[in-house]
Amino acid sequence: MKGVSHNGKALLVGVGLYIVILGPIIPVIIQSFAFQWHWPDLLPRVWWWSVRADSTFPLAWDYVLSPYSHVFEAAGNTLFISLSVTLLALILCLPAARVLVSPHFKWKTQILSLFTLPLIVPEMALALAFLAVFIPLGLAGTYTGIIVAHLIPVLPYMMRVLVSVYQGLNPAVVEQAQLLGASRWQRLVHITIPLLLPGILAGCLFTLLVSSNIFLITFLVGQGRVETLPTLLFSKIGGGALDATAAGLTLIAMIPGFILLLATERHIRDYQRVGAVGRSIDGSHR
Amino acid sequence: MSRQHWLSLSPVLLVMLLMTLGTLLFAVGQSLGYAPQYGINHFPTLRYYELLVAQPSVAMSLGLTLYYAVVATFLALVMGFLLAMALLRVGRHHQWLHYVYKFPLMVPYLVGIALVIVLFGQGGLMARLSYALGWIDRPDDFAALLYSHYGWGIILVYLWKQVPFMALSIYVVLLGIPEQTQDAARLLGASRWQRWRYVVVPQVMPGILSAVLICFAFNVGAFEAPFILGGGFPDTLPVLAWRLFTDPDYGQRLSGMAVLVTMGAMLLVTVWVASLLSRRANRWQRISA
Amino acid sequence: MNLLRNALVLTGLLSGSLIAATPTDQIAFRTAFLDGQLPWESVSTAARSEGAIDFYYWGGDDRLNVWLERTVAPDLEKLGVTLRPHRITATSDVVDLVLTEARAGKGLGQGSVDAIWVNGENFYTLAQQDLLFGSFAQKLPNATWFDWDENSAGGSLNLYDFGYPTQGREMPWSGEQYVCAVNRSLMAEAETPHTFAELERWLEANPGTFTYVKPPHYLGNTFVQEALYEMSPEGAQGFQQPLDSFTPESLARLLAPGMAYLKRIAPLLAQARNGIPRYPENESALMQLFQNSQTAMECQFGLYHVATKRASGQMPDNTEEIIFPRHNMIKNKNYLVIPSNAPHPAAALVFTNYMSSVAAQKSKLAAVGYPLGLDLWMLSAADQAAMVEAMPPHFGVTQAALDSHIAPDTHASLVRVIESLWQSVVLQGSETPIATLVEQAMSQSK
């Protein structure tokens, strides 16, 4: 009996979520295949496939998937930048997080609150200040400049995840291994790393997510010279209109999200049981 | 031991200090008239702040910014809480539900903006449905949700992105409450309301507060949604800062920085006060318990 | 230690010879070219060794984007130059980049911008800030296809950009005319406005059916300028003088009637009945309103824009061009400019020369639908016929009618004042006397 009502509720919540979250994607899909979709038609009057053969110019998906749309370049840049940012953030945060959880270390609160600053300061302030400093240094409009700039919004998330990972690590296990005669190296490879790995992966996924969704910093620091999926999308819909190619680009800009969703979900599920990661998931809001 | 600590910490601290505090100093300096790269140096002067205060439209910009941020954050909190409770009730039997609702978290805000344009513009799908149903005759008859002041378009984008975020934060916090504390409270004769008020709320408050503050700070500083979907002059503060910054007259950039510094200061004070209050509330609770 | 220093010197020499030109070489190159002492072959050779060109342009037109990469890039590759097209959302951003780099001490060969698609205000800014490569246009081999006679109507379009002398510091590559189009299912032939006064009457009868792009976007600026022309007793001629020939009072007298008109029609524009009029931010937002039948009429640069947009489904099939405003349709040219700190100046010259060739101009006309930058009457009869063949069609009007209603652009130095006046008077509804606002704006533009 209880199971039935559970299913009923689940159905209700589920249908609601589908309509609100995924429902709006349907008209975008329709728009991406439309050639003429004018007021007040509920469906396009002329579809893209019925005219594409006659057009000398690549229309809708023909344009989006052509090299001229720069979509592949932008996707590559997005991936490259977010991977570099993640790697850098990991290298910077891993040793630091270990120190922060050490019981002998007194400055933990102060340092962690320093790390909340980038979450509070307006992104525009960061981006414009970076730009002004990067231009004379020759970093504006370069990958290096963008990667360095992305570090700031990303570090708070990486730090929090890693600190909670270290906190969840039971020192007794490592001590036990030590008592059993495991060398420092053996302890690291066989105990510490396997225990930390799921958490590190989760932190990396969050940073990847945050970095690949950043628009404003990339737009301003990149000066139009480095295109990523968000900046490409902005150049298309910045005026507040959505034509077929803009709709196609919107759909493509969703793909990394879908992939990351599947990836995070797999890793986070086990990891959540450890608890305390709640806030680390904040990462996904940008 | 301690030296080793600082050695491990220094790279990341250096990056953070240089790039966060450094840029903050830079922004403050510029807003006070120090900008040799534009050939301007009146440091220190408050004239750029005075210029802002002198414009009546800036007050409306501030009002608009706070309106979008407060309304969106509050609604996201309420709806996120309801969603979190629903997810908790549904439990872990329905994995797919736990996938679906997180989707908006994973995509850029610009995607949310695109969805809102296609659905809620005056020529959008909702307007066309209303026309098909005979409710309106012209696109103009449909409520101006986008490209208008205090419009719901911007708030809808924020909600689409942030309700899942709130729900997730609250859900995780709720999951983290050990069943035993509730059971213990029940055994001690606490009523449902008492258990809620004295057991659940204190435990979830810090997590929820931090999620609320993050959303609020983000909404105040957000650029894309108010730029694309806003009503134009007067703009929200970040859009105003951007317009000032792209003005060919370089002097305007310093005013732009003054806008940003004011916003940053406002946010920092808000967060500081909020965390102070929550700490005091916690202490008070512990004493009274 | 010594070894290290030697190694460093050696690498410096090697890389120096690989880069081919140090800044001093490039300045010598510029001087020689501008003095007409450098044969074109040396320019091509230098371009090949530079190997690439960074071209910055407004990237909002998919047709242009495709043409540049599908046609221009491979052609340039044959000349040994790789085209690196950078799409930007606002040309003023690149002007700003050039300016900031110059301020940071980056000279010829050290900047990051080789060529920009500009006209009017942006060219004026670059010239005022002394950020131009020099008077190169007439020295290009393909300059023969352009009329450089200052006294002919066609020649003055090549030599004056918004009334400001180009002195050959930019090369014309495209022509433009500001054209309005109407949706015939919303506006009958007999109702068509041909003057701003008629437009106001149409709007009074059909409020909310028109709007224009928001200044300072150039599409909005141009609409504002045309309104100013018609409303001023002096017409377009009154707007051809530089700013310093005006007093605040005389400029206020010139601008007041047009500004009053624009303020008057603001409550009749699209969405105005919901509180505030909607001025779309750019061309695609303007098109969206037109597609959705929210507006019955739209105006933008693009002599052939109705043809190309009907072909891509962005405009309803019953869209027609109209003559609006009579005798005040602004026609101008736009140009390619080389900044003074171009990293690849020789390649930039080769690029601009290629863009002004007969073949490239014809292919642009057919593929993108942008009017010719070169002057038809300078071509051979056969080439002229081929160009006419390549021209996209008109709907509802003839080319001759469009040609007979043209007007020149406003003088570049006035544009900023007009922009800021529009912001205060029309957008913000300021009640300050117009003379005071003009005075403020004039002091800011100095």
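Note that the structure is a prediction, hence the values are computed from the model and not measured.

Peer 1: How would you explain the overall build of chain B if you had to name every residue and give the values?
Peer 2: The helix and strand inventory of chain B stands at twelve helices and two strands. In terms of overall dimensions, chain B has a C-alpha envelope of 75 × 70 × 35 Å along the principal axes. In chain B, once contacts between residues fewer than 6 apart in sequence are set aside, the share between residues at least 24 apart is 70%. Put simply, chain B shows about 12,700 Å² of open surface, and 69% of that area lies on carbon and sulfur atoms. Computed over 18 positive and 10 negative side-chain charges, the separation of the two mean positions in chain B equals 19 Å.

Peer 1: Go over the interface of chain B and chain A, please, and point to the residues and values.
Peer 2: At the interface, 86 residues of chain B touch 91 residues of chain A. Carbon and sulfur atoms supply 81% of the area that chain B and chain A bury against each other, a total of about 7,900 Å² over both sides. Here chain B and chain A share zero salt bridges between them. Here chain B and chain A share seven residue pairs in polar contact (both at pLDDT 80 or more) between them.

Peer 1: Run through the pattern of salt bridges, naming residues and quoting values.
Peer 2: This structure, assessed with the given rule, holds 19 salt bridges over all chains. A salt bridge links R264 of chain C to E200 of chain C; the shortest N-O distance between them is 2.9 Å. Linking R264 of chain C in helix 10 (residues 248-265) with E200 of chain C in helix 8 (residues 196-205), this pair joins segments that are 64 residues apart in sequence. For E200 of chain C, a relative accessible area of 13% translates into the label buried. Put simply, R138, D140 and D141 of chain B together with R273 of chain C are held in one network by salt bridges that share partners.

Peer 1: Lay out the nonpolar core in plain terms, naming residues and giving numbers.
Peer 2: By size, the foremost hydrophobic cluster in this structure holds 221 residues, and its most contacted members are F130, L155 and I237 of chain A together with I113, F223, I228 and L229 of chain B. Apart from the residues within four sequence positions on either side, L229 of chain B is in contact with I113, V116, I117, L146, Y147, S148, G153, I154 and V157 of chain B. One finds A47, I53, A115 and L365 of chain C within the second-largest nonpolar core, a separate group that totals 55 residues.

Peer 1: Mind laying out the state of the cysteines, listing which residues take part and the relevant values?
Peer 2: Enumeration according to the criterion identifies one disulfide over all chains in this entry. Cysteine C93 of chain A is unpaired, with the sulfur of C204 of chain A as its nearest cysteine sulfur at 10.0 Å.

Peer 1: A description of the packing of aromatic side chains should follow, citing residues and the corresponding values.
Peer 2: Evaluation of the coordinates by the stated rule reveals 45 aromatic pairs over all chains. With 6.3 Å between their ring centres and 70° between their planes, Y212 of chain C and W422 of chain C make a pair best called edge-to-face. Of the two residues, Y212 of chain C is situated in the loop between helix 8 and helix 9 (218-231) and W422 of chain C in helix 17 (residues 412-427); the sequence distance between them amounts to 210 residues. Look at W422 of chain C and you get buried, because its relative accessible area is 0%. Among the aromatic residues, ring-to-ring pairing joins F196, F210, Y212, F223, Y261, Y279, F324 and W422 of chain C into one connected group. The lysine or arginine in question, R278 of chain C, covers the ring of Y147 of chain B, its NZ or CZ lying 3.5 Å from the ring centre. We note R310 of chain C situated over the ring of F395 of chain C; from NZ or CZ to the ring centre the distance is 3.9 Å.

Peer 1: I'd like a rundown of the packing of helix 5 (residues 71-101) of chain A against helix 9 (residues 143-168) of chain A, residues and numbers included.
Peer 2: Residue and element names in this part refer to chain A. As a packed pair, helix 5 and helix 9 sit with axes 6 Å apart at the nearest point and diverge in direction by 40°. For the element pair helix 5 / helix 9, the angle class is oblique. Viewed along their axes, helix 5 and helix 9 form a crossing whose handedness is right-handed. Here the contact of helix 5 with helix 9 is built from residues that sort into 24 nonpolar, five polar and one charged.

Peer 1: Could you give an account of the pairing of strand 2 (residues 82-88) of chain C, with specific residues and numbers?
Peer 2: Residues and elements named next belong to chain C. Most of strand 2 sits inside the fold, with five of its seven residues counted as buried. Note: strand 1 (residues 52-58) against strand 2, seven bridges, orientation parallel. When the bridges of strand 2 are listed, Y56 appears paired with H86.

Peer 1: Can you lay out the domain arrangement of chain C for me, pointing to particular residues and giving the numbers?
Peer 2: One widely used convention gives an interface's size as the accessible area the parts lose upon coming together. All names here are of chain C. Under the domain assignment used here, chain C contains domain 1 (24-173 + 334-390) and domain 2 (177-331 + 395-444). Computed from C-alpha atoms alone, the centre-to-centre distance between domain 1 and domain 2 is 29 Å. At the interface, 13 residues of domain 1 touch 16 residues of domain 2. Taken together, the two surfaces of domain 1 and domain 2 that pack against each other cover about 1,200 Å², and 64% of this comes from carbon and sulfur.

Peer 1: Go over the confidence of the model for chain C with me, naming the residues and quoting the values.
Peer 2: With 94% of its residues at a pLDDT of at least 70, chain C reaches an overall mean of 90. For residues 1-21 of chain C, every residue scores under 50 in pLDDT, and the model assigns this stretch three contacts once sequence neighbours within four places are set aside.

Peer 1: Explain the interface of chain B and chain C residue by residue, including any values.
Peer 2: Taken together, the contact pairs 25 residues of chain B with 20 residues of chain C. Its largest share of buried area at the contact with chain C, chain B owes to D140, Y147 and F233 of chain B, together 29% of the area lost on that side. Scanning the region where chain B abuts chain C turns up four salt bridges. Residues R273 of chain C and D141 of chain B are paired through a salt bridge, measuring 2.4 Å at the closest nitrogen-oxygen approach. One can count seven residue pairs in polar contact (both at pLDDT 80 or more) joining chain B with chain C.

Peer 1: Could you give me a rundown of a nonpolar patch on the surface, with the residues and numbers involved?
Peer 2: Taken together, the side chains of W185, L188, V189, I193, L197 and L201 of chain A make up a nonpolar region of the molecular surface, amounting to roughly 540 Å² of accessible area. Judged by its relative accessible area of 33%, V189 of chain A is partly exposed.

Peer 1: I'd like a rundown of the confidence of the model for chain B, residues and numbers included.
Peer 2: Of all residues in chain B, 97% have pLDDT values of 70 or greater, and the mean over the chain is 86. The secondary structure element of chain B with the lowest average pLDDT is helix 8 (residues 179-187) of chain B, at 76, and the one with the highest is helix 5 (residues 109-120) of chain B, at 94.

Peer 1: So what about the side chain of S232 of chain C? Which residues, and what values?
Peer 2: As for its placement among the helices and strands, S232 of chain C is situated in the loop between helix 9 and helix 10. Setting aside its immediate chain neighbours within four residues, S232 of chain C contacts F239 and L254 of chain C.

Peer 1: Lay out the environment of W202 of chain C with the relevant residues and their values.
Peer 2: Residue and element names in this part refer to chain C. Mapped onto the fold, W202 is located in helix 8. W202 sits 92 residues away from Q294 along the chain, and the two C-alpha atoms are 15 Å apart. Contacts of W202, omitting those with residues within four sequence positions, involve L186, M187, E191, T209 and A296.

Conventions and cut-offs
Residues numbered from 1 in each chain as written. Chains lettered and ligands numbered in written order. Predicted model: local features only at pLDDT ≥ 70, side-chain atom pairs only at ≥ 80, totals over all residues. Heavy atoms only, no water. Helix = DSSP H or I, 4+ residues; strand = E, 2+ residues; numbered from the N terminus. Contact = heavy atoms within 4.5 Å. Areas by Shrake-Rupley, 256 points an atom, 1.4 Å probe, with all protein chains shown as cover. Lys, Arg positive; Asp, Glu negative; His and termini not counted. Charge placed at Lys NZ, Arg CZ, Asp CG, Glu CD. Buried area = accessible area lost by both parts, 1.4 Å probe. Salt bridge = Lys/Arg side-chain N within 4 Å of Asp/Glu carboxyl O. Polar contact = N/O pair within 3.5 Å; in protein donor to acceptor, adjacent residues only side chain to side chain. Buried < 20%, exposed > 50% of the residue type's maximum accessible area, 1.4 Å probe, protein only. Core = buried A, V, L, I, M, F, W, Y, C linked by side-chain atoms within 4.5 Å. Disulfide = S-S within 2.5 Å. Phe/Tyr/Trp six-rings, centres within 6.5 Å; stacked < 30°, edge-to-face > 60°. Lys NZ or Arg CZ within 6 Å of the ring centre and 35° of its normal. Axes fitted to C-alpha atoms, helices over the stretch in contact; angles between N-to-C directions. Parallel < 35°, antiparallel > 145°, perpendicular 65-115°, else oblique. Left-handed = near helix turned anticlockwise from the far one by under 90°. Nonpolar A, V, L, I, M, F, W, Y, C, P; charged D, E, K, R; others polar. Pairing = 2+ DSSP bridges. Domains from an automatic or database assignment. pLDDT = per-residue confidence, 0-100. Patch = residues over 30% accessible without salt bridge, like charges linked within 9 Å, V, L, I, M, F, W, Y side chains within 5 Å.

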